[in-house]
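Listed here are the chains, written in short residue letters.
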Amino acid sequence: MNTDLIFDNTEIAFTLKTDSELERAYFLFKMISIEPLVRIGTAATNFALKAHLPIEGLIRSTVFDHFCGGVNEEDCLSVIDKMYTKGVSSVLDYSVEGKDNEKEFDSAVSKVLKIIDFAKAIEAIPIAVFKPSGFGRFSLYEKVSQGINLTKDEQNEWNRVVDRFDRVCQKAKTIDVAVLIDAEESWIQPAADVLVTQMMAKYNIEKPVVYNTIQLYRHDRLQFLEEEYKKAKAGNYFLGFKLVRGAYMEKENERANDKGYESPICATKALTDENFNTGLHYVMDHLDCMSLFAGTHNEDSSYLLMELMSAKGVLNNDPRVWFGQLYGMSDHISYNLSHLGYNVAKYMPFGPVKDVMPYLIRRAEENTSVAGQTGRELALISAEKKRRKQL
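Notes on the structure in this doc start here. Within every chain, residues take consecutive numbers counted from 1 along the sequence as written. Reporting in this predicted model follows two pLDDT cut-offs: at least 70 for local features of residues, and 80 or more for side-chain atom pairs to be given and counted; totals over whole chains, interfaces and linings ignore these cut-offs and use all residues. The side-chain quantities take in all heavy atoms of the structure and omit both hydrogens and water.

### Remarks on the pairing of strand β1 (residues 88-94)
The rule is simple: take the accessible area with a 1.4 Å probe, protein chains only, and divide by the maximum for that residue type; under 20% is buried, over 50% is exposed, in between is partly exposed. A run of H or I in DSSP counts as a helix once it spans at least four residues, and a run of E counts as a strand once it spans at least two, with each numbered from the N terminus. With 6 of 7 residues buried, β1 is to be regarded as a mostly interior element. For two strands to be treated as a pair, DSSP must find at least two bridges joining them. Looking at chain direction, β1 and strand β8 (residues 344-350) are connected through 7 bridges and run parallel. Its bridge partner lying in β8, D93 is registered against P349.

In structure tokens form, the structure reads like this:
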């Protein structure tokens, strides 16, 4: 099986994009590829939003519509339905960041519960997702992660965080919808890990419903994976893992440098790639009690997973294995995999334009720092534009 033959098929990759949408994608990735422009654009956008300048319409028709499904669940439905005609499912991700009070945390729970109901009713949305910091204060997670004794009020607050996790996971279990719990920064992840493990032990009795996320740019996560396996075997429950490379590299390295401790991040990109691929091997070797959501835009890792499935006699559409990419990126992976019958889901961010901007800005910044990613997108879009002109 040749990766070039699989992922270079631009007709399949961009089958749902109109000519104008293809031009917009080319323009956006061209802009993102110029790092100074991203910095200037980010600063200008933040200023314009804070100054309440009327730019939401412009954002909506360009970067927002490319990387987001809509402003609410209903708004996303036409995009979700269209993708599903090509076998690509959706994971609705309410991408509003930076909220930090009890009212907002309760509102986030309500939103996730609504998405789970949505997922049950709509075949194209098989999986729900939430972020731990959406359910509780960042500094509280940090304190719990460090093992610092909580005050009575803080303990009550933490109990509410636990209850929010439990309500969502219980609902997911009751109506049989998988729920992915996203990863956070390393200094608050321990508290989240303990909670997710508790939820898995409680709700993953017949099969994986609750999934933890493992960021494999961290050099300690393979050990964590092995420890979780031992716990699950001892507790007789299933494990679900979303494997990703990671999203906070610069922040992690800067904090480690500032505070004088060893960075948790692998020293090189090659080591991160090796870690991720070793993680794929590990989960695939333990499919008897694990399920996998491989969140990757890396062609080599995608190809490796296909190879592992084939070698182990795992069917392309085996419910224990999913491939995942972000909406608006790596369509050449998503649509070519779904064309071959693999389980594929796009993470689809949604929310009010202004509130989703921090997510979009991070997306743009990440694209400038991932060597080759933007260039690959541009090359594929150019190839498809050329192919269409020749028709």
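### Re helix α14 (residues 299-311)
Over its 13 residues, α14 runs 18 Å from end to end, which matches the ideal 18 Å to within 8%, given 1.5 Å per residue. The set of residues buried in α14 consists of E299, S301, S302, Y303, L304, L305, M306, L308 and M309. Between a side-chain oxygen at the N-terminus of α14 and the backbone nitrogen of D300 the separation is 2.9 Å; the capping residue is N298. The positive-phi residue at the C-terminal boundary of α14 is G313, with phi of around 70°. Take the number of residues in a helix, subtract one, and multiply by 1.5 Å to get its expected span. N or O atoms closer than or at 3.5 Å make up a polar contact, with two conditions inside protein: a donor-capable atom paired with an acceptor-capable one, and, for residues adjacent in sequence, both atoms drawn from side chains.

### Observations regarding the side chain of E184
Checked against the element boundaries, E184 lands in the loop between β3 (178-181) and α10 (189-203). A relative accessible area of 1% means that E184 is categorised as buried. A distance of 3.4 Å separates polar atoms of two side chains, one belonging to E184 and the other to K131. Separated by 2.7 Å, the side chain of E184 and the backbone nitrogen of S133 make a polar contact.

### Brief notes about the pairing of strand β5 (residues 239-244)
Most of β5 is tucked away: 6 of the 6 residues are buried. Neither face of β5 is left uncovered, since the one carrying L239, F241 and L243 and the one carrying G240, K242 and V244 both have all their residues buried. As paired elements, strand β4 (residues 210-215) and β5 share 4 bridges and run parallel to each other. Note that in β5 the partner of I214 across the bridge is L243.

### What to know about unusual backbone geometry
For D176, which is not glycine, the phi dihedral falls at a positive 60°. You can see D176 is positioned in the loop between α9 (152-175) and β3. Owing to a relative accessible area of 43%, D176 belongs among the partly exposed residues under this scheme. Phi at S330 takes a positive value of approximately 50°, unusual for a residue other than glycine. Position of S330 among the secondary structure elements: in the loop between β7 (321-326) and α15 (331-339).

### What about empty space enclosed by the protein?
Cavities and pockets were defined on a 1 Å grid built from protein atoms only: a cavity is a group of points that admits a 1.4 Å probe but offers it no way out, a pocket is an open group of points flanked by protein on both sides within 12 Å along at least five of seven lines, and a lining residue is one with an atom within 4 Å of any such point. Grid points are joined across faces, edges and corners, and a volume is the space filled by probe spheres set on the points. For the coordinates displayed, the defined rule picks out 1 cavity of 30 Å³ or more. By volume, the largest cavity is sized at about 30 Å³. Counting only elements with at least two residues in the lining of the largest cavity, the list comes to α3 (19-32) and α17 (373-389). Each residue gets one label: Ala, Val, Leu, Ile, Met, Phe, Trp, Tyr, Cys and Pro are nonpolar, Asp, Glu, Lys and Arg are charged, and the others, such as Gly, are polar. Of the residues that constitute the lining of the largest cavity, the class distribution is 5 nonpolar, 3 polar and 3 charged.

### What about the environment of K251?
If you trace the backbone, K251 turns up in helix α12 (residues 249-259). It is 8.4 Å that separates the C-alpha atoms of K251 and E185, two residues lying 66 residues apart in sequence. Beyond its immediate stretch of four places on either side in the chain, K251 contacts E185 and W187. Within the local environment of K251, its side chain forms a polar contact with the side chain of E185, the two groups lying 2.7 Å apart. In this analysis, two residues are considered to be in contact whenever any of their non-hydrogen atoms come within 4.5 Å of each other.

### A few points about the pattern of salt bridges
Salt bridges are defined as contacts in which a side-chain nitrogen from Lys or Arg sits within 4 Å of a carboxyl oxygen from Asp or Glu. Counted according to the given criterion, the structure contains 36 salt bridges. Across the pair D65 and R60 runs a salt bridge whose closest N-O atoms are separated by 2.8 Å. Classification of D65 by relative accessible area gives partly exposed; the value is 25%. The partly exposed category is assigned to R60, whose relative accessible area is 26%. Between R221 and D220 there is a salt bridge, with the nearest N and O atoms lying 3.3 Å from each other. The buried category is assigned to R221, whose relative accessible area is 8%.

### Regarding the packing of helix α8 (residues 138-145) against α10
A packed helix pair is summarised by two numbers, namely the angle formed by the two axes and the spacing between the axes. Inter-axis angles, ranging from 0 to 180 degrees, are taken between N-to-C directions of lines fitted to C-alpha atoms, where helices are fitted over the stretch in contact. Where α8 meets α10, the closest approach of the two axes is 7 Å, and the angle between their N-to-C directions is 80°. Between α8 and α10, the crossing angle belongs to the class labelled roughly perpendicular. Only Q189, P190, A191 and A192 of α10 make contact with α8, whose side of the interface consists of Y141, V144 and S145. Across the contact of α8 with α10, the residue classes break down as 5 nonpolar, 2 polar and no charged. Just so you know how the angles are binned, under 35 degrees is roughly parallel, over 145 roughly antiparallel, 65 to 115 roughly perpendicular, and the rest oblique.

That is the geometry; function is a separate question.
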